[in-house]
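Descriptive structure summary
Residue strings, one per chain:
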Amino acid sequence: MSAELLINKVSKEFPGVLALNEVNLTLTGGTVHALLGENGAGKSTLIKIITGIYLADSGSLKVSGQEKRFHNPIESTHAGIAVVHQERNLIPEFSVEENITLHNPPLKLGIINRKERTRLAKQALETLGFEIDLNERVKNLSVAQMQLVEIAKALVTNAKIILLDEPTASITGSETSKLFDVIKRLKSQGTAILFVSHKLEEVYEICDTVTVLRDGVSVLESKSLADYKQGEIVDLMVGRHLAERKNIIRKVDRKATPVIELKNLQTSLGHRNISLSLYPGEVLGMYGLVGAGRSELARSILGLHAITGGEILVNGSVVKIRNFTEALHNYRIGYVTENRKEEGLFLDFPVRKNISVTILAKILQRLSVINPKKEDDIATKYVDRLGIKVVDNNQLALTLSGGNQQKVSVSKWLAAETKILIIDEPTVGVDVRTKASFHELITELANEGLSIILISSDLAEMVAVADRILVMRRYEIVGDLDNSKDYQNMSRSIMNSIQAV
């Protein structure tokens, strides 16, 4: 019997929240099925039921005709189901090779067969078309590389049903194309693939059928995707028409003194001849493939990695920035990291403390005790300004959606009155409505005079938001393009810049 997953009237309730309400979904072998919905629609809950992390309160789940009730992920794996979670599930201290084969390491006489383990891990990465050192510890990888390791983990199990939860969230266009080639190959072999993504362009490129969840209900169930336009799918997801954002070409005064300028910069990581200028109120995009050195350049500017040559100028003056604290207090530079959960937030702390963490000196009273009213007033100001959805300012950051967590990350730098803000992968894993509001926020901040360096692997986002786009490859800048806001032309120009080297 061919691979098939049948979800029938599955419900799941948490205290005070009906996460899933009689959801239906049919996934068949040889197809790619899109599971769509806003953050909080129930997608992750459904995936966790399929993989044995949660038990459904009611309804049934059938795998290739046999009714199943998984009590843990091992049972799901043994039934031929593999999953790539949006939140990475890797062991940082283990090597790439060890992580890829973690769920089912090859054994010989009860001992791990290292030669076979290497072969399996290498084969999985070669199938994806990526090169990563198998002996490298996962903690030393970039976010994008970690995502590739997660995908390789799923491939090595030879599963007949594969669930991909935001698999392209941290990888760029070239890597995505390679991944889609793998998906098409698996599809031709009869594998059933569930594809969760907020990038509708990708959904229409790779998927055959679609289910849409809204507020825990399947408002569209296992229909042919070709029968629906993107606007219709968005309407089903959000429950009302979401107007398309108008891409406006902003005016930036490039005769003004740059707020930050790099001249022939070199770093200990291998950046060479990096020269760029960021002007007042400009959104300067930085695009490149995985390993291009974008995030590494940002961290070098902020003192995390050594500058070995060239100059950094802030407002026309040569500076030496030794650490993040100096960057903020001396030069008003902030950094919204791509890894918000591990680096951007104190997840176990309330929202008010996360927002005020950059301005503690301003809200201290006698005996170096924080003034709770000042702290709450600051938090309220930015919760209201950015539209952060919270019960109150004491809500823990870990309980917020990904989009609201990202807004809190931005808020702490706005509270510190930064003049230059580096934003790294701002909308990874957020839904279309949140992404649109975040794009509007970035433009609004730039209109108010904030200068922004935007690092993004989402080409559509880059074209929608940036005023100018720098293209990086192998730690060098290979293109400096004015953004016409025409996606087709810009994507062609960007790819030409990358391939010309």
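Rules of the game
Residues numbered from 1 in each chain as written. Predicted model: local features only at pLDDT ≥ 70, side-chain atom pairs only at ≥ 80, totals over all residues. Heavy atoms only, no water. Buried < 20%, exposed > 50% of the residue type's maximum accessible area, 1.4 Å probe, protein only. Helix = DSSP H or I, 4+ residues; strand = E, 2+ residues; numbered from the N terminus. Domains from an automatic or database assignment. Patch = residues over 30% accessible without salt bridge, like charges linked within 9 Å, V, L, I, M, F, W, Y side chains within 5 Å. Areas by Shrake-Rupley, 256 points an atom, 1.4 Å probe, with all protein chains shown as cover. Salt bridge = Lys/Arg side-chain N within 4 Å of Asp/Glu carboxyl O. Pairing = 2+ DSSP bridges. Axes fitted to C-alpha atoms, helices over the stretch in contact; angles between N-to-C directions. Parallel < 35°, antiparallel > 145°, perpendicular 65-115°, else oblique. Left-handed = near helix turned anticlockwise from the far one by under 90°. Contact = heavy atoms within 4.5 Å. Nonpolar A, V, L, I, M, F, W, Y, C, P; charged D, E, K, R; others polar.

1. Comments concerning helix 1 (residues 43-50)
- For helix 1, a buried count of six out of eight residues is recorded, marking the element as mostly surrounded by other parts of the structure.
- Buried within helix 1 are the following residues: Lys43, Thr45, Leu46, Ile47, Ile49 and Ile50.
- Looking one or two places after helix 1, you find Gly52, whose phi comes out positive at around 85°.

2. Structural notes on the domain arrangement of the protein chain
- Assigned domains within the protein chain: domain 1 (3-238), domain 2 (255-332 + 420-430 + 452-501) and domain 3 (341-417).
- The straight-line distance from the C-alpha centre of domain 1 to that of domain 3 is 33 Å.

3. Observations concerning a nonpolar patch on the surface
- Judged by side-chain polarity, Ile91, Phe94 and Leu102 come together as a nonpolar surface patch covering roughly 200 Å² of accessible area.
- Mapped onto the fold, Ile91 is located in the loop between strand 6 (81-84) and helix 3 (96-100).
- According to the relative accessible area criterion, Ile91 is partly exposed, its value standing at 31%.

4. A few points about the pairing of strand 15 (residues 283-288)
- In terms of burial, strand 15 is a largely internal element, six of the six residues being buried.
- Burial along strand 15 is two-sided: the residues Val283, Gly285 and Tyr287 and Leu284, Met286 and Gly288 are all buried.
- One ladder, built from four bridges, connects strand 15 with strand 22 (residues 451-455); its direction is parallel. Residue Val283 lies in a different strand from strand 22, and its bridge partner there is Ile452.
- Taken together, the five bridges between strand 15 and strand 23 (residues 468-473) define a ladder with parallel strand orientation. Paired with Leu284 across the bridge in strand 23 is Arg468.

5. Observations concerning the side chain of Lys153
- Structurally, Lys153 can be placed in helix 5 (residues 143-156).
- Residue Lys153 is classed as buried on the basis of its relative accessible area of 5%.

6. Some words on the packing of helix 14 (residues 402-415) against helix 15 (residues 432-447)
- Their axes nearest at 11 Å, the elements helix 14 and helix 15 cross at an angle of 15°. Taken together, helix 14 and helix 15 sit at an angle that is classed as roughly parallel. Where helix 14 crosses over helix 15, the two elements pack in a sense that is left-handed. Contacts from Gly403, Gln406, Lys407, Val410 and Leu414 of helix 14 reach helix 15 at Thr434, Ser437, Phe438 and Leu445.
- Partitioning the contact of helix 14 with helix 15 into residue classes produces four nonpolar, four polar and one charged.

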